[in-house]
Amino acid sequence: MGAASLSQFLTLYNWFPLAFLLVFLLLIARFYQKSVAEKTYYFWFALPILLFGAAAMRYASIDQLTGDPWGDLLLGIGGVALLTLALFLYFRMTRNHGESR
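All values derive from a computational prediction rather than experimental measurement. (Residues numbered from 1 in each chain as written. Predicted model: local features only at pLDDT ≥ 70, side-chain atom pairs only at ≥ 80, totals over all residues. Heavy atoms only, no water.)

> Which residues make up the nonpolar core, and what are the values?
Residues Ala19, Leu22, Leu26, Ala29, Phe45, Ile49, Phe52, Leu82, Leu85 and Leu89 constitute the largest nonpolar core, which totals 10 residues. With residues near it in sequence (within four places) discarded, Leu22 still touches Pro48, Ile49, Phe52 and Leu82. (Core = buried A, V, L, I, M, F, W, Y, C linked by side-chain atoms within 4.5 Å. Buried < 20%, exposed > 50% of the residue type's maximum accessible area, 1.4 Å probe, protein only. Contact = heavy atoms within 4.5 Å.)

Structure, rendered in structure tokens:
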């Protein structure tokens with residue numbers, strides 16, 4: 001087993017800041033659910049974390065940065081899931097809560 005290549009290192013290294021930001025978003029959704037008592041389904045934010053992590057592991061295992069159909073599929077599904085969850089949380093947090101004018 002040889003040493004890891006630079007692309008493998010960078011692929012895995014870049015996943016950690018992304019995972020940190022997604023965990024932070026999960027914690028924001030959890031805090032909002034607990035403070036306002038509205039469902040935010042914060043536990044679903046683990047899905048994009050896992051999908052992006054699986055894609056990073058896939059790219060690192062084949063020593064490529066792009067062009068793998070399975071890695072691209074995992075990134076695409078993770079992106080769609082993240083976009084859906086982020087928009088749901090955004091609209092849940094910014095809609096009018098019955099305030100009168």
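> Tell me about helix α1 (residues 6-36), and please be specific about residues and values.
Counted at 1.5 Å a residue, the expected span for α1 with its 31 residues is 45 Å, and the 46 Å between its end C-alpha atoms agrees. The set of residues buried in α1 consists of Ser7, Gln8, Thr11, Ala19, Leu22, Leu26, Ala29, Tyr32 and Gln33. Where α1 is buried, its residues contact α2 (46-62) and α3 (69-94). Looking one or two residues beyond α1, the residue adopting positive phi is Ala37, at roughly 65°. (Helix = DSSP H or I, 4+ residues; strand = E, 2+ residues; numbered from the N terminus. Expected span 1.5 Å × (residues − 1).)

> Please give an account of the environment of Arg30 that cites residues and values.
Here Arg30 lies in helix α1. Judged by its relative accessible area of 35%, Arg30 is partly exposed. The sequence separation of Arg30 and Ala86 amounts to 56 residues, and the corresponding C-alpha distance is 13 Å.

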